Amino acid sequence: MIDSTAGKNTNKTLKSFNDILPVEEKTRRLNAQLKKRHRKEMRFQMYGVISLLLGFLFLVVFFNSIISKGYTAFQQTFISLDIEFVEDIVDPKGNRDAKEMLRSDYSKLIKDALKKEFPSVKKRKDRKALNKLISSGAVYKLADLVIESPELIGTTQTLWLASDDEIDLLMKGHIDRNLPESERRVKDNSITWVDELVAQDRVVKRFNHTFFNSGDSREPEQAGIMGAIKGSFYVLLVTILLSFPIGLAAAVYLEEFAPKNRITDVIEVNINNLAAVPSIVYGLLGLAVFINFFGLPRSAAVVGGLVLSLRTLPTIIIASRAAIKAVPPSIRSAALGVGASEMQTVYHHVLPAALPGILTGTIIGMAQALGETAPLLMIGMVAFIVDIPQSAMDPATALPVQIYLWADSPERAFVEKTSAAIMVLLAFLTVMNLFAVYLRKRYERRW
Amino acid sequence: MQDKIEYGKTVGDVFVENPRMSVRGANVYYADKQAIHDVDLDIAKNQVIAMIGPSGCGKSTFLRCLNRMNDTIDICRVSGEFKLDQDNIYSKEIDVVPLRARVGIVFQKPNPFPKSIYDNVAYGPRIHGLAKNKVELDEIVENSLQKAGLFDEVKDRLHESGTGLSGGQQQRLCIARTIAVGPEVILMDEPCSALDPIATAKIENLIDELRENFTIVIVTHSMQQAARVSQRTAYFHMGHLIEVNDTEKVFTNPEHKLTEDYITGRFG
Ligand SMILES: Nc1ncnc2c1ncn2[C@@H]1O[C@H](COP(=O)(O)OP(=O)(O)O)[C@@H](O)[C@H]1O
Ligand SMILES: [Mg+2]
């Protein structure tokens, strides 16, 4: 109802604004208010800058600590020795049979070479310490060499052999020479020998291929990350093959086709709940269902992938639904209006428009899965596995679990491996996230 | 509160000879709320019929019934008889997909697909399988853009995105997209309300030309526009069809008191 008295009080003279608030006073108040506002805005900006700086500072500290601890792992110390391939040791029967030659005692060759290099070392105990300069894995290199080219037998070769992990640490400066001998892992005589070798240019630090090409090992200088990388690869492969199509199909169905009723409400709530379930619970579920009930192999990447699919499914569904919901309804009407069926509308218009968001969500889900550790512990992917897995059914471990294993190892040399493995994991995560950003930028659409 | 008002029967010439579409006893509900009350209306061939009325009176709702766009709204229920030529469009035998190729729609806000201009126009013919080969498709696209008065402006950039055009061009692109499936009827829901006066004038001229080949139903909130482009005008009020007459008669000598109040600006 319109107030019939409205507009009827015009004959009563009203005070002008100037009478209530003179111009000078108004200007003064305006200025005061303006100053206050400026101060407020400045403060607000400052908070933003400070929190950004803090975040950046933490990042710098974090990276600095990891990189400074870990970068040395990308190098390895090698010692050159004149190895004489004595036939009596390498191939006592003289028939050049590879299988038999594999069993020969190559450590004897190394011991002899060291003996020749340091003739003054006589005592049994010192000899033992001397032999420890070279990695126990060096014998495999010699065996491989001889089996590949048997003509080496009887000759003397100058070969670069990996040093023991403690000599490696010494060369990298991780061992303090000024400490009293009793508190040092590398004793005085070893240091003297190494220094002598260095003086003869018989010690170098080279790029550490072993770290990138080998599986795990009890010996730090032979331990590598390839087994974990491949394990993570198979886990992620299984995860994406399962969770992407299932998650996408679920999202499309729920968003576009499902009737809105009690059941879909319950499903919706439960999907959101699943995203919040602690991941170790998924590990227990995987152990109970996939290993104990379905009898899949323990420690296998396929089980890890199955478990992590369950883990990433809610992430992918939620992200995909959000992306689908963000497609403007006008596009749907446009397609329906020219006679596209609902199916065609979804496949021709809604999904392409939602794809960047869906892919971003998927990649973020995958990055989460790559960093996931707890559920993998539950299904036995924490076992010590030397062999590099060749398929998803082989026993394997994953990058974050490898980090956990190395961080738990007592040898000092695993510290740098741990940090290096973290760097590798971060590198993969960074690449994945950059890819997500790229996708978002590349396919971003303006309406 | 005004309680029940008796709106009575629609005044004017509801029926025409040999209509393109005919509607009898249309009722539309959104959940429990009735948006259209018992509407009868014939839509004549090769004519522009304008629907006017205060906002919320059900013009868009009625328009969307004519090509079953209301099917996509879950809570919307439609009853009554809607015929296109001799076919009852709500009968079970009718599939909405070919129906929408016969009754196209242009929306208020231009909504080209985020695809090239060519693909926008080619989309309809493609999904309906109208063109046998690229040559035929090219011809349909060019012809549709020409009818929509857009071809000369975009012929050098057919493969650039349709969303990069100006608002008026986008709307003509949407019209071309609708024409490209060769509809008999084109529904337009306030097609100019998001456009500037020059773009509006272009679209109005276009509507006049399109009348030769198509039957057009246009919803508009501008009475001048209704007067300029249409031959018949239907006035809706609170979900009731109050009056249908020749446009000239509606604007010079309305039969119903409500129509007169509306066109003289007493409410709106
Ligand atoms: N999708 C919908 N859901 C519920 N109510 C709707 C919907 N669309 C329209 N309505 C209602 O139906 C009535 C008619 O709306 P509409 O047809 O859009 O009017 P007009 O186009 O004449 O402005 C209005 O009261 C509106 O609130
Ligand atoms: Mg409307």
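What counts as what
- Residues numbered from 1 in each chain as written.
- Chains lettered and ligands numbered in written order.
- Predicted model: local features only at pLDDT ≥ 70, side-chain atom pairs only at ≥ 80, totals over all residues.
- Heavy atoms only, no water.
- Salt bridge = Lys/Arg side-chain N within 4 Å of Asp/Glu carboxyl O.
- Helix = DSSP H or I, 4+ residues; strand = E, 2+ residues; numbered from the N terminus.
- Buried < 20%, exposed > 50% of the residue type's maximum accessible area, 1.4 Å probe, protein only.
- Axes fitted to C-alpha atoms, helices over the stretch in contact; angles between N-to-C directions.
- Parallel < 35°, antiparallel > 145°, perpendicular 65-115°, else oblique.
- Contact = heavy atoms within 4.5 Å.
- Domains from an automatic or database assignment.
- Expected span 1.5 Å × (residues − 1).
- Arc of directions from axis to C-beta.
- Polar contact = N/O pair within 3.5 Å; in protein donor to acceptor, adjacent residues only side chain to side chain.
- Near = heavy atom within 4 Å.

Enquirer: So what exactly am I meant to see when it comes to the pattern of salt bridges here?
Expert: Here the idea is simple: oppositely charged side chains can pair when their charged atoms come close. For the structure on display, the rule yields 34 salt bridges over all chains. A salt bridge links Arg332(A) to Glu256(A); the shortest N-O distance between them is 2.2 Å. Taken as a pair, Arg332(A) in helix H15 (residues 329-337) and Glu256(A) in helix H11 (residues 226-257) lie far apart in primary sequence, 76 residues in all. For Arg211(B), the salt bridge identified is with Asp208(B), shortest N-O distance 3.6 Å. Judged by its relative accessible area of 25%, Arg211(B) is partly exposed. Connected through salt bridges with shared partners, the residues Arg20(B), Asp85(B), Asp87(B), Arg102(B) and Glu184(B) form a single ionic network.

Enquirer: Quick question: what am I supposed to make of the packing of helix H16 (residues 342-371) of chain A against helix H19 (residues 413-443) of chain A here?
Expert: A packed helix pair is summarised by two numbers, namely the angle formed by the two axes and the spacing between the axes. Residues and elements named next belong to chain A. Between H16 and H19, the shortest axis-to-axis distance is 9 Å and the interhelical angle comes to 175 degrees. Between H16 and H19, the interaxial angle falls into the category roughly antiparallel. Taken together, the residues of H19 that come into contact with H16 (itself represented by Pro356, Leu359, Thr360, Ile363, Ile364, Met366, Ala367 and Leu370) are Leu425, Phe428, Leu429, Met432, Asn433, Phe435, Ala436, Leu439, Arg440 and Tyr443.

Enquirer: Looking at this model, I keep getting lost on the domain arrangement of chain A. Mind explaining?
Expert: Taken as a whole, chain A is organised into domain 1 (4-70), domain 2 (73-216) and domain 3 (226-443). Of note, the centres of domain 1 of chain A and domain 2 of chain A, computed from C-alpha atoms alone, are 71 Å apart.

Enquirer: Quick question: what am I supposed to make of helix H9 (residues 188-199) of chain A here?
Expert: Residue pairs spaced three or four apart in an α-helix point in one direction, given the helix's 3.6 residues per turn. All names here are of chain A. A rise of 1.5 Å per residue sets the reference length of H9, with its 12 residues, at 16 Å; its end C-alpha atoms lie 16 Å apart and thus fit the reference within 8%. When H9 is considered as a whole, its buried residues turn out to be Ser190, Ile191, Trp193, Val194 and Leu197. Seen end-on, H9 carries its buried residues on one side only, within an arc spanning 160 degrees. Those residues of H9 that are buried are in contact with strand S1 (75-84), helix H5 (107-117), helix H6 (124-131), helix H8 (165-171) and strand S3 (203-207).

Enquirer: Help me out: how do you make sense of the environment of Lys45(B) in this one?
Expert: Residues and elements named next belong to chain B. Mapped onto the secondary structure, Lys45 falls in the loop between strand S3 (33-43) and strand S4 (48-52). A relative accessible area of 31% means that Lys45 is categorised as partly exposed. Sequence separation between Lys45 and Met188 is 143 residues; the distance between their C-alpha atoms is 16 Å. A distance of 3.4 Å separates polar atoms of two side chains, one belonging to Lys45 and the other to Asn18.

Enquirer: Which parts of the structure should I look at to understand the site of ligand 1?
Expert: Residue and element names in this part refer to chain B. Taken together, 13 residues sit near ligand 1, with Lys33, Gly56, Lys59, Ser60 and Thr61 positioned nearest. Contact distances for ligand 1 include 3.3 Å between an oxygen atom and a backbone N or O atom of Cys57. Gly58 places a polar main-chain atom, nitrogen or oxygen, 3.1 Å from an oxygen atom of ligand 1. Sorting the residues of the shell around ligand 1 by element identifies S3 and helix H1 (59-65) as the ones contributing at least two each.

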